[in-house]
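Fold and contact review
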Amino acid sequence: MIISGGEIRMETITNKIIGYLDSDENIWDDVDRARMALGLQVLIHNFIMISVILIIAQMIGIPGEAVILLVAYGLLKITAGGIHFKKSATCLLGTGVFVIAGVLASRQLNISLSYMIFIYLICMFIFAIVGPQGTKNNPVSVENYKRLKKITVYIVFSYLLITIFMTVYFACKPYLLFVAVVFETVSVLPPYVKKRMQLHR
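Source: prediction; values computed, not measured.

Okay, the environment of Asn46 next. Structurally, Asn46 can be placed in helix 2 (residues 30-59). Owing to a relative accessible area of 30%, Asn46 belongs among the partly exposed residues under this scheme. Taking the C-alpha atoms as reference, Asn46 lies 9.8 Å from Cys91; in sequence the two are 45 residues apart.

What follows covers the pattern of salt bridges. Here the structure, examined in full by the defined rule, presents 2 salt bridges. Here Glu184 ties to Lys77 by a salt bridge, and the two come within 3.9 Å at their closest N and O atoms. Of the two residues, Glu184 is situated in helix 7 (residues 175-199) and Lys77 in helix 3 (residues 63-80); the sequence distance between them amounts to 107 residues. In this structure Glu184 comes out as buried when scored by relative accessible area, which is 0%. You can call Lys77 partly exposed: its relative accessible area is 23%.

This next bit is on the packing of aromatic side chains. Two aromatic rings are characterised by how far apart their centres lie and by the angle between their planes. Going through the model one piece at a time under the given rule, you end up with 6 aromatic pairs. Ring geometry for Phe165 versus Tyr169: centroids 5.0 Å apart, planes at 40°, classification tilted. Note that Phe165 and Tyr169 are positioned in helix 6 (residues 142-170) at a spacing of 4 residues, about one turn of the helix. For Phe165, a relative accessible area of 44% gives the class partly exposed.

The next thing to look at is helix 4 (residues 88-108). The first and last C-alpha atoms of helix 4 sit 30 Å apart over 21 residues, in line with the 30 Å expected at 1.5 Å per residue. Here helix 4 has its buried residues at Cys91, Thr95, Gly96, Phe98, Val99, Gly102, Val103 and Ser106. The buried residues of helix 4 occupy an angular sector of 160° when the element is viewed end-on, so they sit on one face. For helix 4, the exposed residues lying more than 90 degrees away from the buried face are Ala89, Leu93 and Gln108.

Turning to helix 5 (residues 113-130), a few remarks are in order. Across its 18 residues, helix 5 extends 25 Å between first and last C-alpha, which sits within 8% of the 26 Å expected from 1.5 Å per residue. Among all positions in helix 5, only Met116, Ile119, Tyr120, Cys123, Met124, Phe127 and Val130 are buried. The buried residues of helix 5 occupy an angular sector of 145° when the element is viewed end-on, so they sit on one face. More than 90 degrees from the buried face of helix 5, the exposed residues found are Ser114 and Phe125.

Mapped onto the secondary structure, Thr79 falls in helix 3. What makes Thr79 buried here is its relative accessible area of 8%. In terms of polar contacts, Thr79 uses its side chain to reach the backbone carbonyl oxygen of Leu75, at 3.5 Å. Among the polar contacts made by the side chain of Thr79, one reaches the side chain of Thr152 at a distance of 2.9 Å. With sequence-adjacent residues up to four places away left out, Thr79 is seen in contact with Pro132, Leu148, Ile151, Thr152 and Ile155.

The rules behind these values
Residues numbered from 1 in each chain as written. Predicted model: local features only at pLDDT ≥ 70, side-chain atom pairs only at ≥ 80, totals over all residues. Heavy atoms only, no water. Helix = DSSP H or I, 4+ residues; strand = E, 2+ residues; numbered from the N terminus. Buried < 20%, exposed > 50% of the residue type's maximum accessible area, 1.4 Å probe, protein only. Salt bridge = Lys/Arg side-chain N within 4 Å of Asp/Glu carboxyl O. Phe/Tyr/Trp six-rings, centres within 6.5 Å; stacked < 30°, edge-to-face > 60°. Expected span 1.5 Å × (residues − 1). Arc of directions from axis to C-beta. Polar contact = N/O pair within 3.5 Å; in protein donor to acceptor, adjacent residues only side chain to side chain. Contact = heavy atoms within 4.5 Å.

What follows is the structure in structure tokens.
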């Protein structure tokens, strides 16, 4: 359902692109055209969102850290899912606030390595139990559930190894990875709790 002027314009743009690529309407059927339209809308949305966030990050002097946090969090978001905003503007605002606040918070953190490892293990346990959490607009298929769960745990474990390595050998704790893992762990809990409550009604 189209719920905002921005999304109407985005749909118009994607339809024009698809119309240009398949002007004779003999390359794709209606289902393929709908899939292409959705894919292009997601691509355009993500491009605009990341561009705006990085421009703001550049203005306040945190471009490099913003890129690291976006990549670290984005990898987890792709596999683990979690809270997802329905409107593009809300998604942009929420992600932007998270990136800026996450970078600024990472600069203030001072946590021992042992405590970080403990929290990483808790997050890995939660992901292993809860698994990826889809939403109505971004569902997780049954056949992909176990695969995405394993990938998510592997990603968190890799972040843990990077954290240990950098702390031991370079005396530098990559708090941005830590922030990404903790935030994504929190992100998957509300959809999981909601589904459990619906099952027990």
